[in-house]
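# Descriptive structure summary
In case you want the letters, here they are:
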Amino acid sequence: MGVVGKGFAIVAADTSAVHSIMLHKNNEDKIMLLDSHKLVAASGEPGDRYFEFGGLIRVEYVQKNVSLYKFRNGIPLTTAAAANFTRGELATALRKLSFASVRPSVKTPMAFSVDFLVSVMFMIFSTLIIDQNPYSVNILMAGYDNESGASLYYIDYIATLHKVDKGAFGYGSYFSLSTMDTHYRSDMSVGEAIELVDKCILEIRSRLVVAPPNFVIKIVDKDGARDYAWRQSVQDVTTAAV
Amino acid sequence: MDKSPMEAEATIYLLCGKDNKVYLLKLQKGNTSWDISSFNLGFEPRFIFSARKSSKLCSANPNLPMSIFEYNGSAVVAMVGKNCFAIASDRRLGVQLQTIATDFQRISKIHDRVFIGLSGLATDVQTLYQRLVFRHKLYQLREERDMKPETFASLVSAILYEKRFGPYLCQPVIAGLGEDDKPFICTMDSIGAKELAKDFVVSGTASESLYGACEAMYKPDMEAEELFETISQALLSSVDRDCLSGWGGHVYVVTPTEIKERILKGRMD
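Summarised in this report is the structure supplied together with it. Position labels on residues start from 1 in each chain and follow its written sequence. Just so you know, chain letters begin at A and ligand numbers begin at 1, following the order they were written in. It should be noted that, the model being predicted, local features are given only for residues of pLDDT at least 70 and side-chain atom pairs only at 80 or more, the latter also being counted only at that level, while totals for whole chains, interfaces and linings use all residues. Just so you know, side-chain values use all the structure's heavy atoms and leave hydrogens and water out.

## Thoughts on the packing of helix 4 (residues 173-183) of chain A against helix 5 (residues 190-207) of chain A
All names here are of chain A. Keep this limit in mind: Between N-to-C directions, angles cover 0 to 180 degrees, with each direction set by a line fitted to C-alpha atoms, over the stretch in contact for helices. Runs of E in the DSSP output that reach at least two residues are strands. Runs of H or I that reach at least four are helices, and both are numbered from the N terminus. The handedness criterion is simple: a crossing whose near helix is rotated anticlockwise from the far helix by less than a right angle is left-handed, and one whose near helix is rotated clockwise is right-handed. Pairs of residues are marked as contacts when any of their non-hydrogen atoms sit within 4.5 Å. Any residue that is not Ala, Val, Leu, Ile, Met, Phe, Trp, Tyr, Cys, Pro, Asp, Glu, Lys or Arg is counted as polar, Gly included; the first ten are nonpolar and the last four charged.
The geometry of helix 4 relative to helix 5 is characterised by a closest axis approach of 9 Å and an angle of 145° between their N-to-C directions. Viewed along their axes, helix 4 and helix 5 form a crossing whose handedness is right-handed. Contact with helix 4, carried on its side by Phe 175, Ser 176, Thr 179, Met 180 and His 183, involves Leu 196, Lys 199, Cys 200, Glu 203, Ile 204 and Arg 207 of helix 5 and no other residues of that element. A class-by-class count of the residues in the contact of helix 4 with helix 5 yields five nonpolar, three polar and three charged.

## So, the packing of aromatic side chains
Residue and element names in this part refer to chain B. Heads up, the condition is: Only Phe, Tyr and Trp rings take part, Trp by its six-membered ring, and two of them pair if their centres are within 6.5 Å. Stacked means planes under 30 degrees apart, edge-to-face means over 60, and tilted covers everything else. Burial here depends on accessible area, computed with a 1.4 Å probe over protein chains only, as a share of the maximum for the residue type. Under 20% is buried, over 50% is exposed, and the range in between is partly exposed. Whether a charge lies above a ring is judged from NZ of Lys or CZ of Arg, which has to be within 6 Å of the ring centre and within 35 degrees of the ring normal.
On inspection of all chains with the given rule, the structure shows four aromatic pairs over all chains. Taken together, a centroid distance of 6.2 Å and an interplanar angle of 65° make the contact between Phe 85 and Phe 115 edge-to-face. On the criterion of sequence distance, the pair formed by Phe 85 in strand 6 (residues 85-90) and Phe 115 in strand 10 (residues 114-120) is long-range, its members being 30 residues apart. Residue Phe 85 is classed as buried on the basis of its relative accessible area of 0%. Classification of Phe 115 as buried rests on a relative accessible area of 0%. Between Phe 115 and Tyr 252, the ring centres sit 5.0 Å apart and the planes meet at 45°, which makes this aromatic pair tilted. Of the two residues, Phe 115 is situated in strand 10 and Tyr 252 in strand 15 (residues 249-254); the sequence distance between them amounts to 137 residues. Feature note: the residues Phe 85, Phe 115 and Tyr 252 constitute an aromatic cluster, connected by ring pairs. A cation over an aromatic ring shows up here: Arg 262 above the ring of Phe 228, its NZ or CZ 3.9 Å from the ring centre.

## With respect to unusual backbone geometry
Residues and elements named next belong to chain B. For Gln 96, which is not glycine, the phi dihedral falls at a positive 55°. Topologically, Gln 96 is positioned in the loop between strand 7 (93-95) and strand 8 (98-101). Even without glycine at this site, Asp 221 takes up a positive phi of about 55°. Note on placement: Asp 221 falls in the loop between helix 3 (207-217) and helix 4 (224-239).

## A few points about helix 3 of chain B
Residues and elements named next belong to chain B. For clarity, the threshold we go by: Arc definition: it is the arc formed by the directions from the helix axis to the C-beta atoms.
Turning to helix 3, its buried residues are Ser 207, Leu 210, Ala 213 and Cys 214. Each buried residue of helix 3 lies within a common arc of 120° when the element is viewed along its axis, so the set occupies one face. Structural note: helix 3 exposes Glu 208, Glu 215 and Ala 216 on the side pointing more than 90 degrees away from its buried face. Here the buried face of helix 3 lies against strand 5 (75-80), strand 14 (200-204) and helix 4.

## A few points about the pairing of strand 11 (residues 214-221) of chain A
Residue and element names in this part refer to chain A. We count it as follows: Here, strands pair whenever DSSP counts at least two bridges between them.
Among the eight residues in strand 11, eight count as buried, and that is most of the element. Taking every second residue as pointing to the same face, both faces of strand 11 are buried, with Asn 214, Val 216, Lys 218 and Val 220 on one and Phe 215, Ile 217, Ile 219 and Asp 221 on the other. Bridge analysis of strand 2 (residues 8-14) against strand 11 gives seven bridges, and the strand direction is antiparallel. Paired with Asp 14 across the bridge in strand 11 is Phe 215. Here strand 11 pairs with strand 12 (residues 224-232) via eight bridges, running antiparallel. Residue Asp 221 lies in a different strand from strand 12, and its bridge partner there is Gly 224. Linking strand 11 back to strand 12 in an antiparallel pair, the connection comprises two residues.

Shown next, in the form of structure tokens:
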């Protein structure tokens, strides 16, 4: 979830890496630094660590492209530009190489069998280029620009982009959005915003049946993007009990 | 009738009346003609409505019981007045049952005399809008003038039909002032079938209520202020009956001399 205040934006995310019913680790940082003044919180498949069929965004890909722009042009991208770039990547991937729409047409005398063979080869081949499948990650991008202050962008997994003051993804969003609607004001100070985030975390912990135990909170303001706090109720157990 | 070619499993029922009879027409998937049955009524019926069996769309998200066009929720309407037009939309951006934002922009200005309102899936609304602005800017550079609304409508139709077998899941409403300040409105379905109209056009999840409201409230040759009142009332009363659209309204009234943009506050829910 994310909140914009006066001259800053706060993003909080749970820190559990889950695979169906199993919790891999509960201190995984899902909020990445895009550059010195931008944060990206990505929820969905844990894709940028290992190869998985089903479509994954490489947040690192966006990170590197943002850096590339800075190197090429000498000035960093604005948050709006970075958000639109990310949205463009997601939108392109959304309609690229889906099995239904791509039908290779081969016009030879043995048209039927070659067509079938090509289709089969194509299907095999496309399992090797997983990157082309639609991404299934939801993104909240927070950033600070000197000209326009702090901003928060909500990017859906189907590439819906919207600039928001408060946003949330996942099952927790049902609870946290309502809490934020009640208590949010547009000129909150850092303390008040953290209080609001804590209220949301409390709500999630008490009402969500699969509530994640730990959360990380990061802040971005004119001094840059940085870790703010962790809210841990379960520490990672590193050794088994004997 | 059925605006979405993707809904291949829908059965369409049409109930209409004429000459003391009520006809029930049924169009099933795979059939190319309507099955008609009729009942004799004692009087001349004065209604027409249709129902559509909700269709299941095959998609990656298993929690999608409704159509992909109803994923984000939208309502757009355009009306013609005397040498002016008005185009209005709701402001809700939702993800199925959840509201994400209440200030989503569905109507965009292409140039001073042509506006396009896009309803349907929000991501395609944004992608399509960017493509159209790009094409119009190129046109402006090449032709050194703005596009006429009729031309623009043909452009949108062509762009949508390019994606015939993987369409942009949105339904545009185009409104503009043509030659001699004559207002022009049209809508099309997601693959570019144009529907020109002389009075009003609607699209979105609230389209059925909008048809009713507009039909009741519309009068030909309204001036700009009266047109604004009419379209606002029609929009607000229709979105009140649709849970997926609402949270206020955004109205543009365009005359040859000025563009007036107004935000409406209706039932905020």
